[in-house]
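Chain by chain, the residues run as shown.
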Amino acid sequence: MKASIATRLTRLSVRLEELNQMLSSEAITANMDNFRKLTREHAEIVPIVGLYQAYQQSEQDIQTAREMSADPEMREFAEAEVQEGKEKLAQIEAELQRQLLPKDPNDERNIFLEIRAGTGGDESALFAGNLFRMYSRFAERKRWQVEVISQSPSDVGGYKEIIAKIIGQGAYSKLKFESGGHRVQRVPITETQGRVHTSTCTVAVIPEADEISEVQLNPAELRIDTFRASGAGGQHINKTDSAVRVTHLPTGIVVECQDGRSQHKNKAQAMSVLAARIHDKQMRAHQAEQAATRKSLVGTGERSERIRTYNFPQGRVTDHRINLTLYKMDQIMDGDIDEICSALMSEHQAEQLASMEND
């Protein structure tokens, strides 16, 4: 193991002891923001320190086996133990390198999932509905909570646009590579001659800001409009101006929320989405500066980028960023996207490791 890595791991071990002491204090919950940050840091460090302790134990086991090899009767057994220990040591070191890769500070956050119909008219809206169901089913498998913030249904089904909040530990880490253009190739239900059409949707995955205060929102830079909600809702609809539209004047970002019956709740939800979008815009600008000299293997994250094709006649799904093709359309559309998410994460980590070695 490189001395620099060993030094970093020793520092993390010391830091874990400090965090254990702080988190055991009765006064720690007095500042909930600080408590959340320390808890998040603790959760990140624990597995790394655990691996480092396993690495040190393996080193001791190898040394003990080598000492045993001085005894002729134990030599064969000891040499086998040394060989097994070296293999285990190499595995732990490789895992430690992965664990020490730069962490995305947003990985454990909840997300706002935004799906919008693109080219393809009604078929695009239907596909947007299919994608929302896919992500909702994926969230159910993870025992995450899905809350619809805003929706604009299509006349034939599906959505022109839908925004939902997905609440669950690690939601962003699992779904952050889903942002981009999703293309579908299939025979639309409105097609009478059986021809395959191509339609598109865009997906945006935005990490939730911890607090609106994390993003500076100047009331003078906001325009807040109220209007009557439209769509399903029974007698409540069109009787009160419960829907809210918030416009952030400097950036031109507009958020509408009308799913809640309360104007106050709709405004709070809209402000939360607005804060997340501004935070996402700032984060992407920062990432663009950092990545100015090289392009990520998993794509730039631009919303217009075509990242995946769903070919229904052939029953295949292809992610173009990593040339991954799976012939399990039904399972994927039912939310079984773990294989895709894991492959994208592995490719991203491989690029990070290569970058660290080059540096």
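Calculation notes
- Residues numbered from 1 in each chain as written.
- Predicted model: local features only at pLDDT ≥ 70, side-chain atom pairs only at ≥ 80, totals over all residues.
- Heavy atoms only, no water.
- Helix = DSSP H or I, 4+ residues; strand = E, 2+ residues; numbered from the N terminus.
- Polar contact = N/O pair within 3.5 Å; in protein donor to acceptor, adjacent residues only side chain to side chain.
- Contact = heavy atoms within 4.5 Å.
- Buried < 20%, exposed > 50% of the residue type's maximum accessible area, 1.4 Å probe, protein only.
- Pairing = 2+ DSSP bridges.
- Axes fitted to C-alpha atoms, helices over the stretch in contact; angles between N-to-C directions.
- Phe/Tyr/Trp six-rings, centres within 6.5 Å; stacked < 30°, edge-to-face > 60°.
- Lys NZ or Arg CZ within 6 Å of the ring centre and 35° of its normal.

J.: How should I be thinking about the side chain of Thr309 in this particular structure?
T.: Note that Thr309 resides in strand S9 (residues 306-311). Looking at Thr309, its side chain comes within polar contact range of the side chain of Arg183, at 3.0 Å. Among residues more than four places away in sequence, those in contact with Thr309 are Arg183, Gln185, Arg316, Val317, Thr318 and His320.

J.: Help me understand the environment of Arg228 in this model?
T.: Within the secondary structure layout, Arg228 lies in the loop between strand S6 (222-227) and strand S7 (243-248). Through-space distance from the C-alpha of Arg228 to that of Ser242 is 6.0 Å; in sequence the pair is 14 residues apart.

J.: Where do I start with unusual backbone geometry in this structure?
T.: Working note: non-glycine residues mostly have negative phi, and peptide bonds are mostly trans. At Arg143, a residue that is not glycine, the phi angle is positive and equals roughly 60 degrees. Assignment of secondary structure puts Arg143 in the loop between helix H4 (122-141) and strand S2 (145-153). Residue classification places Arg143 among the exposed residues on the basis of a relative accessible area of 79%. Even without being glycine, Asn323 reaches a positive phi, approximately 55 degrees. Inspection of the secondary structure assignment puts Asn323 in the loop between strand S10 (316-319) and strand S11 (324-326). Since its relative accessible area comes to 68%, Asn323 is described here as exposed.

J.: Can you help me understand the sheet that holds S6 in this one?
T.: Judged by pairing direction, the sheet is antiparallel, and its three strands sit side by side in the order S6-S7-S8 without closing on themselves. Looking at which strands have only one partner, the edges of the open sheet turn out to be S6 and strand S8 (253-257). Going across the sheet, the axis of each strand differs from the next one's by a mean of 15 degrees, ignoring polarity.

J.: What is the right way to look at the packing of aromatic side chains in this model?
T.: Each aromatic ring pair is summarised here by two numbers: the centre-to-centre distance and the angle between the ring planes. For the coordinates displayed, the defined rule picks out three aromatic pairs. On the basis of an interplanar angle of 85 degrees and a centroid distance of 5.8 Å, the ring pair of Phe138 and Trp144 is categorised as edge-to-face. With relative accessibility at 1%, the residue Phe138 sits in the buried group. Under the relative-accessibility criterion, Trp144 is labelled buried at 13%. Here the basic side chain of Arg186 rests over the ring of Phe312, its NZ or CZ set 4.9 Å away from the ring centre.

J.: Explain the pairing of S9 to me, please; I cannot follow it from the model alone.
T.: The side chains of a regular strand alternate between both faces of the sheet. Across the six residues that make up S9, a large majority, five, are buried. Relative to S10, S9 is paired through four bridges, and the arrangement is antiparallel. For Arg308, the partnering residue across the bridge sits in S10 and is Asp319. Once S9 ends, the chain turns through four residues before running back antiparallel as S10, passing Gly315 with a positive phi of about 65 degrees.

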